[in-house]
Amino acid sequence: MAILVCGSLAFDTIMTFEGRFADQILPDQLHILNVSFLVPGLRRDYGGCAGNIAYGLRQLGSEVVPLAAIGNDGAEYLERMRGLGVDVSHVQTVPDSYTAQAMIMTDRDNNQITAFHPGAMSFAHQNPVPARSDLQLGIVAPDGRDGMLQHAAQLQAAGIPFVFDPGQGLPMFNGDELRAFIAQATWVAVNDYEGRMLSERTGLSLADISRQVKGLIVTLGEHGCDVWEQGEAVRVAGVKAEQVVDPTGCGDAFRAALLHGLSQGWPLQRCAELGNRMGALKIAVRGPQNYTLGGLQG
């Protein structure tokens, strides 16, 4: 059985600023903001939520099918995924677009400023959920707006349980649309900031949201995560990383572990424990798809 990962494929250009953003941005001058950051560190990584989650799932030994769109510059990315054992039969190539590009600048406190060009991701809605009998569950991760709306509805219609993970795409949707996503989903996963925004836009508390799904997971960075089920929350302690090198992709590593655990029928708390361990492994390595699990046991 396989896990369908609906989301973006992207190239990440990662820049390292050795200072603190807070020291360079004057709060009372935001209306005339004009700043420049010297970034001695620069690299390009494979990224995008679908790619990062697929990478993590393959590390855990799960079969994964990305549902994504890639541009005319994406042949190398496709070859990489094939080499990892990822089924790329449902990755659409958009000939007149570039692959989505994220330009991410990280400061010494691991705060991030990101500029994102959607490119081929904007055509995600042209790539429907496939009619396959081997799809056990799925996730709707950040992608093109129309693609996220359609894939959630298609997964529900196909009877495939799925995680709704709005991520950075959450601001694209109004309260009615977000309430519809929650009604269609089986689980919801957000970070602390996204959880507050989701509650504000829907008018639903985290407890309310958790009563509409099988579980709500709110990640809290180094502090672990809260697992909400039927209105009650349990704190799952974080795992201390050997070193803090790069936070990019930590959330996707967590979601790969979540999906792997759900596919195994684990309780949600056990899934979250593995997610925290995966996140700690990822943050110790540069790039969202360069970590390995080593002696990690699920």
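Structure: see above.
These remarks concern the structure in this document. (Residues numbered from 1 in each chain as written. Predicted model: local features only at pLDDT ≥ 70, side-chain atom pairs only at ≥ 80, totals over all residues. Heavy atoms only, no water.)

Time to look at the overall build of the chain. On a plain count of helices and strands, the chain comes out with nine helices and 13 strands. Relative to the globule expectation of 19 Å for 298 residues, the C-alpha radius of gyration of the chain, 18 Å, shows essentially globular dimensions. With the C-alpha coordinates of the chain rotated into their principal frame, the extents come out at 50 × 45 × 45 Å. Looking at the chain as a whole, 54% of its 298 residues are labelled buried. When contacts within the chain are restricted to residue pairs at least 6 apart in sequence, those whose partners lie at least 24 apart make up 68%. Total accessible area on the chain is roughly 13300 Å²; 49% of this is exposed by carbon and sulfur atoms. Between the averaged position of the 21 positive side-chain charges in the chain and that of its 31 negative side-chain charges there is a distance of 4 Å. (Helix = DSSP H or I, 4+ residues; strand = E, 2+ residues; numbered from the N terminus. Rg over C-alpha atoms; globule rule 2.2 N^0.38 Å. Buried < 20%, exposed > 50% of the residue type's maximum accessible area, 1.4 Å probe, protein only. Contact = heavy atoms within 4.5 Å. Areas by Shrake-Rupley, 256 points an atom, 1.4 Å probe, with all protein chains shown as cover. Lys, Arg positive; Asp, Glu negative; His and termini not counted. Charge placed at Lys NZ, Arg CZ, Asp CG, Glu CD.)

Structurally, Ser62 is set in the loop between helix H2 (49–59) and strand S4 (63–70). Of the polar contacts made by the side chain of Ser62, one reaches the side chain of His260; its length is 2.7 Å. If we skip the residues at most four places from it in the chain, Ser62 touches Ile3, Leu57, His260 and Ser263. (Polar contact = N/O pair within 3.5 Å; in protein donor to acceptor, adjacent residues only side chain to side chain.)

Under the defined criterion, the tally for this structure stands at nine aromatic pairs. Ring geometry for Phe17 versus Phe21: centroids 5.8 Å apart, planes at 5°, classification stacked. With respect to burial, Phe17 and Phe21 carry one shared label: buried. An angle of 75° between the planes, with centres 5.2 Å apart, marks the rings of Tyr55 and Tyr291 as edge-to-face. Of this pair, Tyr55 sits in helix H2 while Tyr291 sits in the segment after helix H9 (268–283), placing them 236 residues apart in sequence. Both residues of the pair, Tyr55 and Tyr291, belong to the buried class. Within the aromatic cluster, the residues linked to one another by ring pairs are Phe11, Tyr46 and Tyr77. In this arrangement the basic side chain of Arg44 is found over the ring face of Phe11, its NZ or CZ atom lying 4.0 Å from the centre. It is Arg270 that lies over the ring of Trp266; its NZ or CZ is 3.8 Å from the centre. (Phe/Tyr/Trp six-rings, centres within 6.5 Å; stacked < 30°, edge-to-face > 60°. Lys NZ or Arg CZ within 6 Å of the ring centre and 35° of its normal.)

Right, let's get into the pattern of salt bridges. Taken as a whole and assessed by the stated rule, the structure comprises 13 salt bridges. The residue Glu177 makes a salt bridge to Arg145 at a minimum N-O spacing of 2.5 Å. Taken as a pair, Glu177 in helix H5 (residues 175–184) and Arg145 in helix H4 (residues 145–158) lie far apart in primary sequence, 32 residues in all. On the basis of relative accessibility, which here comes to 29%, the residue Arg145 falls in the partly exposed class. In the salt-bridge network here, residues are joined through shared partners; they are Arg43, Asp45 and Asp246. (Salt bridge = Lys/Arg side-chain N within 4 Å of Asp/Glu carboxyl O.)

Taken together, the four strands give an open sheet; going across it, the order is S3-S2-S6-S7, and neighbouring strands pair in mixed fashion. In the strand order of this sheet, the two ends are held by strand S3 (41–47) and strand S7 (112–117), each with one partner. Going across the sheet, the axis of each strand differs from the next one's by a mean of 20°, ignoring polarity. Here six bridges tie strand S6 (residues 100–106) to S7, and the two strands are oriented antiparallel to one another. Counted as the bridge partner of Gln101 is His117 from S7. Along the sheet face, helix H3 (residues 75–83) touches strand S2 (10–16) and S3 and points at about 65° away from the line of S3. (Pairing = 2+ DSSP bridges. Axes fitted to C-alpha atoms, helices over the stretch in contact; angles between N-to-C directions.)

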